[in-house]
Amino acid sequence: MPFTLEALTTFEEEIKKSRFQALATPIENEQDVKDFLDKHKDISTTHQCWAWKLGHDVRFNDDGEPSGTAGRPILATIEGNDLTNVLVLVNRWFGGVKLGTGGLVRAYGGCAGQCLQQATKIELIEKKEVQFKCYFNEWAILQYELTHQKIEFQEQYTADGVEVLAKLQLPQIQTLAQKIQDITRGREALKIEEVSDV
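Even after reading the chapter, I still don't get the overall build of the chain, so can you show me in this structure?
From N to C terminus, the chain includes five helices and eleven strands. Viewed in the frame of its principal axes, the chain has a C-alpha envelope of about 75 × 30 × 25 Å. When each of the 198 residues of the chain is scored for burial, the buried share is 41%. Pairs at least 24 residues apart make up 67% of the contacts formed inside the chain by residues separated by at least 6 positions. As displayed, the chain has an accessible area near 11,500 Å², and 49% of this comes from carbon and sulfur atoms. With 22 positive and 30 negative side-chain charges, the chain shows a separation of 5 Å between the mean positions of the two kinds.

Here it is in structure tokens:
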């Protein structure tokens, strides 16, 4: 069962005069990664190393540290905690004492690990994007159903009625599909969007 983080969590420690700061945050897509890294760009740091995991996709960056000593250990802590849809950024301010490759692996992995230990983890519930259409007179009933089940949705009014895009948890799909069939007397069906893994 994969987990993600509830909110941004930070952790700081000093190792042989170098200051390490880890920031762990939940992410939904690669744009979230880009936005977070842009927002937390800090030119005062010596290195900004990171790793993220989104479903089966992973990326990491050593940002000038010896290859394999920063990004990969950070990723290992994400995977070791059964997490996904998570980005961990570890900033380092060099304090004048070299740590060596083993020391760097322990420092980056350890700092990321401590941060993730403190973070509140929540079960990641898979959602699917769905869409359907209905007439104006049917929309009130379906809108009530969506709101009642706390389903996120966007509606768009057209000349013929309403087009709806929604994100549903897997157990909600069958119930809503049946409701749409009933209300539209079989005229409309729930379409599940196929999301390709990029």
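Explain the pattern of salt bridges to me, please; I cannot follow it from the model alone.
Side chains bearing opposite charge may pair, as long as their charged atoms lie close to each other. Evaluated as defined, the whole model comprises seven salt bridges. Arginine 19 serves as the salt-bridge partner of glutamate 12, at 2.8 Å between the closest nitrogen and oxygen. A residue is classified by how much of its surface remains accessible, and glutamate 12, at 43% relative accessible area, is partly exposed. A salt bridge links glutamate 138 to arginine 187; the nearest nitrogen and oxygen atoms lie 2.9 Å apart. Of this pair, glutamate 138 sits in helix 4 (residues 136-148) while arginine 187 is found in the loop between helix 5 (170-183) and strand 11 (191-192), placing the two residues 49 residues apart along the sequence. The class of arginine 187 is partly exposed, set by a relative accessible area of 34%. Bridged by salt links that share partners, the residues Glu138, Arg187 and Glu188 form one connected network.

Quick question: what am I supposed to make of the side chain of asparagine 91 here?
Residue placement: asparagine 91 occurs in strand 6 (residues 86-93). Classification of asparagine 91 by relative accessible area gives buried; the value is 2%. Those residues within four positions of asparagine 91 in sequence are excluded, and the remaining contacts are Arg19, Phe20, Gln21, Leu23, Thr45, His47 and Gln48.

Where do I start with the sheet that holds strand 4 (residues 47-54) in this structure?
One open sheet holds the five strands; their spatial order is 2-3-6-4-5, and the pairing between them is antiparallel. The open sheet has two free edges, formed respectively by strand 2 (9-15) and strand 5 (57-61), since each of these has just one partner strand. Neighbour-to-neighbour, the strand axes of this sheet turn through a mean angle of 10 degrees, independent of strand direction. Bridging between strand 4 and strand 6 involves seven bridges; their strand directions are antiparallel. When the bridges of strand 6 are listed, alanine 51 appears paired with valine 88. Sheet strands in contact with helix 2 (residues 71-80) are strand 4, strand 5 and strand 6, and its direction is about 35 degrees off that of strand 4.

Rules used throughout
- Residues numbered from 1 in each chain as written.
- Predicted model: local features only at pLDDT ≥ 70, side-chain atom pairs only at ≥ 80, totals over all residues.
- Heavy atoms only, no water.
- Helix = DSSP H or I, 4+ residues; strand = E, 2+ residues; numbered from the N terminus.
- Buried < 20%, exposed > 50% of the residue type's maximum accessible area, 1.4 Å probe, protein only.
- Contact = heavy atoms within 4.5 Å.
- Areas by Shrake-Rupley, 256 points an atom, 1.4 Å probe, with all protein chains shown as cover.
- Lys, Arg positive; Asp, Glu negative; His and termini not counted.
- Charge placed at Lys NZ, Arg CZ, Asp CG, Glu CD.
- Salt bridge = Lys/Arg side-chain N within 4 Å of Asp/Glu carboxyl O.
- Pairing = 2+ DSSP bridges.
- Axes fitted to C-alpha atoms, helices over the stretch in contact; angles between N-to-C directions.

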